[in-house]
Amino acid sequence: MKKNAQTALIHAPRKAPQYISTVQPPLFRASTIIFENTDALFNRHWTDDYDYSYGTHGTPTTFTLGDNIAQIEGGEYCLLAPSGLSAINLVNSCFLAQGDEVWVADNIYGPNMEHLRNLQTRYGISVRVYNPIDAETFQPTDRAKLIWLEAAGSVTLEFPDLINLVKKAKAHNILTALDNTWGAGLAFNAFDFSDEHLAVDMTVHALTKYPSGGGDILMGSVVTRDQKLHHQLFRMHAIQGISVSGDDVAQIQRSLASMQVRYQHQSESCLTLLHWLKQQPEFVQVLHPADAESAGHLHWKEICTDAQSAGLVSVIFKPEYTLADIRRFCDALELFKLGFSWGGPLSLVMLYNLKDMRVLEHTHLQQGLLVRFCIGLEHPADLIQDIENALKQLPARQHE
Ligand SMILES: Cc1ncc(COP(=O)(O)O)c(C=O)c1O
């Protein structure tokens, strides 16, 4: 049929071949998915995995990345969300109901705590905080439904007592959700992390960090090994209209191939920085799970190895330094850029005031202002030089 230009522009002349072998999988972009006929329409099962019925429920592109992430993390099923925080919220909204109790590590990713506090206000969900390195502080009641774990925790990087916390949660029939962004599925297997084959029920991963690796794409995932939990999440994901862009998925898929190499390199560079930072007189504490003096180190040692310890290290400045001093230090850095997030090629720095960040009293943390370094892919010697130069902005060094 000869078509008018207006129609011809919409109906492409060439159909994609059934199979063509390429290094990266083909990219599907879809809101509408076309049914072959009314039989296919009436027989669709959108609640099943891999049933293609509408863009929000998934395409071969999103399922391919999901399968990859599930495999890397040791799980079976994966759902993608537009950001790590959105994946966290999916878990909270799926499993928490009015009157429930949820347990959160004191060093949990801050916006997760904020989301839970919001649920507490609106639905009477009780938010209880525990010390991740002391499983005794986790004292669930009969109302407890979910415990959030993070290994290592945000900013202060304490590695939790995963073994005892998960054992205790299982004994009380409480769901376990681990923010697995730091480990990225590479530092340890969250679905089999002890001699007793302990496993969390689900992991959340900010794919924004190491899987993306570019500092330019936001995405998150929820992985489980339990089909029933997955189906609950799947339905909530569908009715909330959570979906991701096929283009973003393809970019992350492309970066995944190099993730392990990048992660290992960043882990090693970070260890080099850790050893140097520990010798500098300006810091009262250097925080990194692989460091024997850091809280939670022994828990880290139980399930991780040196080569896989991510690219984050925090320092607490001696209390005599003022906020103005630390701001001058951060502003003087040239290679480390001031910004949130991590896992990309560019090293980042962020300053925090711990005073406003923790609910419990922590004897293992010194007083002082904290700076977190996120190690990128630059040469560690240049990064050390950058910090060394910026430290000269501090009063003690000016008098040298
Ligand atoms: C540990 C952790 N979990 C989750 C998130 C949220 O990820 P996103 O930035 O993709 O929302 C972040 C972001 O910084 C994070 O550090």
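Residues numbered from 1 in each chain as written. Predicted model: local features only at pLDDT ≥ 70, side-chain atom pairs only at ≥ 80, totals over all residues. Heavy atoms only, no water.

As recorded in an unreviewed UniProt entry, the protein goes by the name Cystathionine beta-lyase, listed as coming from Acinetobacter kookii. In its Catalytic activity (unreviewed entry) section, the UniProt record describing the protein reads: "L,L-cystathionine + H2O = L-homocysteine + pyruvate + NH4(+)". Regarding the protein, the relevant UniProt record gives this comment under Cofactor (unreviewed entry): "pyridoxal 5'-phosphate". (UniProt positions renumbered as here; feature names shortened; annotations may be inferred.)

Colleague: Sorry, what's going on with helix α8 (residues 246–256) here?
Modeller: Each full turn of the α-helix corresponds to 3.6 residues, which orients residues three or four apart in the same direction. What α8 keeps buried is the set G246, V249, I252, Q253, S255 and L256. Elements that come into contact with the buried residues of α8 comprise α3 (60–73), β1 (77–81) and α9 (259–277). Where α8 starts, the residue carrying a side-chain oxygen 3.1 Å from the main-chain nitrogen of D247 turns out to be S245. (Buried < 20%, exposed > 50% of the residue type's maximum accessible area, 1.4 Å probe, protein only. Helix = DSSP H or I, 4+ residues; strand = E, 2+ residues; numbered from the N terminus. Contact = heavy atoms within 4.5 Å. Polar contact = N/O pair within 3.5 Å; in protein donor to acceptor, adjacent residues only side chain to side chain.)

Colleague: Before we go on, may I ask you to explain the layout of surface pockets in this structure?
Modeller: To locate leftover empty space, one rolls a probe as large as a water molecule over the atoms. Here the largest pocket defines a volume of roughly 1200 Å³. Lining the largest pocket are 26 residues; nearest its centre among them are K15, A16, F28, I33 and I34. Residues of the lining of the largest pocket, tallied by class, amount to 16 nonpolar, four polar and six charged. Approximately 730 Å³ is the volume attributed to the second largest pocket. Lining the second largest pocket are 37 residues, with I108, Y109, G110, P111 and S154 sitting closest to its centre. The set of elements that each furnish at least two residues to the lining of the second largest pocket consists of α4 (84–95), α5 (110–123) and β6 (202–206). The greatest single-element share of the lining of the second largest pocket, amounting to four residues, is contributed by α5. Looking at side-chain class alone, the lining of the second largest pocket contains 19 nonpolar, 10 polar and eight charged residues. (1 Å grid on protein atoms, 1.4 Å probe; cavity = no way out; pocket = protein on both sides within 12 Å on 5 of 7 lines; lining within 4 Å. Points joined across faces, edges and corners; volume = space filled by probe spheres on them. Nonpolar A, V, L, I, M, F, W, Y, C, P; charged D, E, K, R; others polar.)

Colleague: Explanation requested: unusual backbone geometry in the structure shown.
Modeller: The phi angle of most residues is negative, glycine excepted, and most peptide bonds adopt the trans form. Along the chain, A151 connects to A152 via a cis peptide bond; the corresponding omega equals -10 degrees. Its place among the elements puts A152 in the loop between β4 (144–150) and α6 (162–171). For H197, which is not glycine, the phi dihedral falls at a positive 55 degrees. Here H197 is to be found in the loop between β5 (175–179) and β6. Using a relative accessible area of 55% as the deciding quantity, one classes H197 as exposed. Notably, A310 is not glycine yet its phi reads approximately 60 degrees, a positive angle. Tracing the chain through its elements places A310 in the loop between α10 (297–303) and β9 (312–317).

Colleague: Whenever I open this one, the packing of aromatic side chains confuses me. Can you help?
Modeller: The geometry of an aromatic ring pair comes down to the distance between the two centres and the angle between the two planes. Under the defined criterion, the tally for this structure stands at 12 aromatic pairs. A centroid spacing of 5.9 Å and a plane angle of 80 degrees characterise the contact between F159 and F188, whose relative ring orientation is edge-to-face. Here F159, found in the loop between β4 and α6, pairs with F188, found in the loop between β5 and β6; they are 29 residues apart in sequence, far enough to count as distant. The same class applies to F159 as to F188, namely buried. (Phe/Tyr/Trp six-rings, centres within 6.5 Å; stacked < 30°, edge-to-face > 60°.)

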